[in-house]
Amino acid sequence: MKRRVLGFAVAAIAAAALTSNLSAQYGGGGGGRAAEDAKLAAMPTPKLADGHPDLSGRWGGGGGGGNTAQRFDPKGNYHNLRNDRKGSPVNQERDSGLDQRFIENLPQYKAEFWDKVDYLDVNGNVEDSNFHCFPAGVPRMGPPTKIMATATEAVFLYNQKNTWRLVPMNRPHDPINSKDQTYLGDSVGKWEGDTLVVDVTGFNDETWLEWPGYFHTNKMHVIERLRREGNILHYQVTVEDPDVLAQPWVMDERVMRLNTAPMVQIEDPPCVESDGANMYTKERG
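Residues numbered from 1 in each chain as written. Predicted model: local features only at pLDDT ≥ 70, side-chain atom pairs only at ≥ 80, totals over all residues. Heavy atoms only, no water.

K.L.:
Can you help me understand the overall build of the protein chain in this one?
P.N.:
A tally of helices and strands in the protein chain yields five helices and 13 strands. Burial status across the protein chain gives 40% buried among its 285 residues. A sequence separation of at least 24 residues applies to 59% of the contacts in the protein chain between residues at least 6 apart. For the protein chain, the exposed surface amounts to about 15400 Å²; the carbon and sulfur share of it is 55%. (Helix = DSSP H or I, 4+ residues; strand = E, 2+ residues; numbered from the N terminus. Buried < 20%, exposed > 50% of the residue type's maximum accessible area, 1.4 Å probe, protein only. Contact = heavy atoms within 4.5 Å. Areas by Shrake-Rupley, 256 points an atom, 1.4 Å probe, with all protein chains shown as cover.)

Set out below in structure tokens:
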């Protein structure tokens, strides 16, 4: 009897620790982080020659992170907000799959497209192009890890298959590239106050918005917003795709810290997919 009580106590402690860890990771216990971010945001914001904030720098990578809120009930259990979203019978324990199925802010698809989302979820090891060496695309690859900015253009660098983007300022979309269908689309930027607004169009339909299975069409339109406060970078994305989404999806804001550690640039090795032929289940461990 004592052993059983002890077992229950250990299980309860472990569950409480897990809940506390998840709550802190996803927004439930970030008081210390918020206070530190506030100090960084209060620092002077560097300016470009034209007076706009200078977004240049390395962001995250030991000095940044994201806000991915998940909903818990009063007892600390996950609360599923997926509406018509069906639970996948596989991939529940891999690739952060369990966490990502309970993220509070998910793209809302028209009713007739949830079956496709479920199919892509279950068959992600075949259908996910990023799993097979292709770029993750915009907005899935998230904010840039380094920005080099001038008054006329910004260059975004990513630690993702040697990916980079050129964002020219204050000009229309390229008449050819914006009608093309590519993984990164055609980007143009402009300032709205102290916020850099990047308008992106001309996508193919091979990437996903997020894992698991949140697809889009080649008519997707993405608006990125980047705002610097001191040594903090705010990154927010709105996705419009009226053919499949019931409403525009405003992704959770990412808050990145300026990373002042010495930078060592390590080139990503060539991407060679060697796992597919050896996979006998749909788990992507």
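After that view of the structure, there is still more to cover.
K.L.:
How do you make sense of helix 4 (residues 114-122) when you look at a structure like this?
P.N.:
Quick reminder: α-helices carry 3.6 residues per turn. Residues three or four places apart thus point the same way. Among the residues of helix 4, Trp-114, Val-117, Asp-118, Leu-120, Asp-121 and Val-122 are the ones counted as buried. Elements in contact with the buried residues of helix 4: helix 5 (124-127), strand 8 (208-210) and strand 9 (214-215).

K.L.:
It is not clear to me how the nonpolar core should be interpreted in this structure. Could you clarify?
P.N.:
The nonpolar side chains of a soluble globular protein tend to be buried, and buried together. Tyr-109, Ile-147, Phe-156, Leu-196, Val-222, Leu-226 and Val-239 are the most contacted members of the largest nonpolar core, which totals 42 residues. Of all the elements in the fold, those that place two or more residues in this core are helix 4, strand 3 (146-149), strand 4 (153-157), strand 7 (195-201), strand 8, strand 9, strand 10 (221-229) and strand 11 (232-240). In terms of residue count, the dominant contributor to this core is strand 11 (four residues). (Core = buried A, V, L, I, M, F, W, Y, C linked by side-chain atoms within 4.5 Å.)

K.L.:
Looking at this structure, how should I read the pairing of strand 10?
P.N.:
Looking along a regular strand, one sees side chains alternate from face to face of the sheet. Pairing of strand 7 with strand 10 involves six bridges; the strand directions are antiparallel. Of the residues in strand 10, the one forming a bridge with Leu-196 is Leu-226. Between strand 10 and strand 11, which pair antiparallel one after the other, the connecting turn spans two residues, and Gly-230 there sits at a positive phi close to 60°. (Pairing = 2+ DSSP bridges.)

K.L.:
Would you mind showing me how to read the packing of aromatic side chains here?
P.N.:
How two aromatic rings sit relative to each other is given by the distance of their centres and the angle of their planes. Applying the stated rule across the entire model yields five aromatic pairs. Seen from their ring centres, Phe-134 and Tyr-183 are 5.9 Å apart, and the 20° between their planes marks the pair as stacked. Of this pair, Phe-134 sits in the loop between helix 5 and strand 3 while Tyr-183 sits in the loop between strand 5 (164-168) and strand 6 (186-192), and the two are 49 residues apart along the sequence. What makes Phe-134 partly exposed here is its relative accessible area of 38%. Overall, the relative accessible area of 17% leaves Tyr-183 in the buried class. Among the aromatic side chains, those forming a connected cluster through ring pairs are Tyr-109, Phe-113, Trp-114, Tyr-214 and Phe-215. The ring of Phe-215 has Lys-116 sitting right over it, with the charged end atom 4.3 Å from the ring centre. (Phe/Tyr/Trp six-rings, centres within 6.5 Å; stacked < 30°, edge-to-face > 60°. Lys NZ or Arg CZ within 6 Å of the ring centre and 35° of its normal.)

K.L.:
It is not clear to me how the pattern of salt bridges should be interpreted in this structure. Could you clarify?
P.N.:
Note on pairing: side chains with opposite charge can pair once their charged atoms come close. Under the criterion given, the structure shown has eight salt bridges. We note a salt bridge from Asp-128 to Arg-140, for which the minimum N-O separation is 2.9 Å. Residue Asp-128 is found in the loop between helix 5 and strand 3, and its partner Arg-140 is found in the loop between helix 5 and strand 3; the two are separated by twelve residues along the sequence. You can call Asp-128 buried: its relative accessible area is 1%. Between Glu-229 and Arg-227 there is a salt bridge, with its nearest N and O atoms 3.4 Å apart. Through salt bridges with shared partners, a single ionic network connects Arg-33, Glu-36, Asp-37 and Arg-257. (Salt bridge = Lys/Arg side-chain N within 4 Å of Asp/Glu carboxyl O.)

K.L.:
How should I be thinking about the confidence of the model for the protein chain in this particular structure?
P.N.:
Interpreting fine coordinate detail is not advised for predicted regions of low pLDDT. Looking at the protein chain, pLDDT values average 80 and 69% of them are 70 or higher. In the model, residues 81-85 has pLDDT below 50 throughout and makes 15 contacts with residues more than four positions away in sequence or in other chains. (pLDDT = per-residue confidence, 0-100.)

K.L.:
How should unusual backbone geometry be read in this particular structure?
P.N.:
Negative phi values dominate among residues other than glycine, just as trans dominates among peptide bonds. Of note, the bond from Val-138 into Pro-139 is cis; its omega dihedral lies within 30 degrees of zero at 10°. As for its position among the elements, Pro-139 is in the loop between helix 5 and strand 3. With an omega of 15°, the peptide bond between Trp-211 and Pro-212 qualifies as cis. Even without being glycine, Cys-133 reaches a positive phi, approximately 75°. With respect to the helices and strands, Cys-133 occurs in the loop between helix 5 and strand 3. Judged by its relative accessible area of 22%, Cys-133 is partly exposed. Unusually for a residue other than glycine, Asn-170 sits at a positive phi of about 55°. Counting through the fold element by element, Asn-170 comes out in the loop between strand 5 and strand 6.

K.L.:
How do you make sense of the sheet that holds strand 4 when you look at a structure like this?
P.N.:
The strands that make up a sheet pair up through hydrogen bonds in the backbone, lying either parallel or antiparallel. Overall, antiparallel pairing links the four strands, which are arranged 1-3-4-5 in an open sheet. Lying at the two open borders of the sheet, with one neighbouring strand each, are strand 1 (57-58) and strand 5.

K.L.:
Is there a simple way to think about the environment of Ala-111 in this case?
P.N.:
With respect to the helices, strands and loops of the structure, Ala-111 is situated in the loop between helix 3 (97-100) and helix 4. Along the sequence, Ala-111 and Leu-245 sit 134 residues apart, while their C-alpha atoms lie 9.2 Å from each other.

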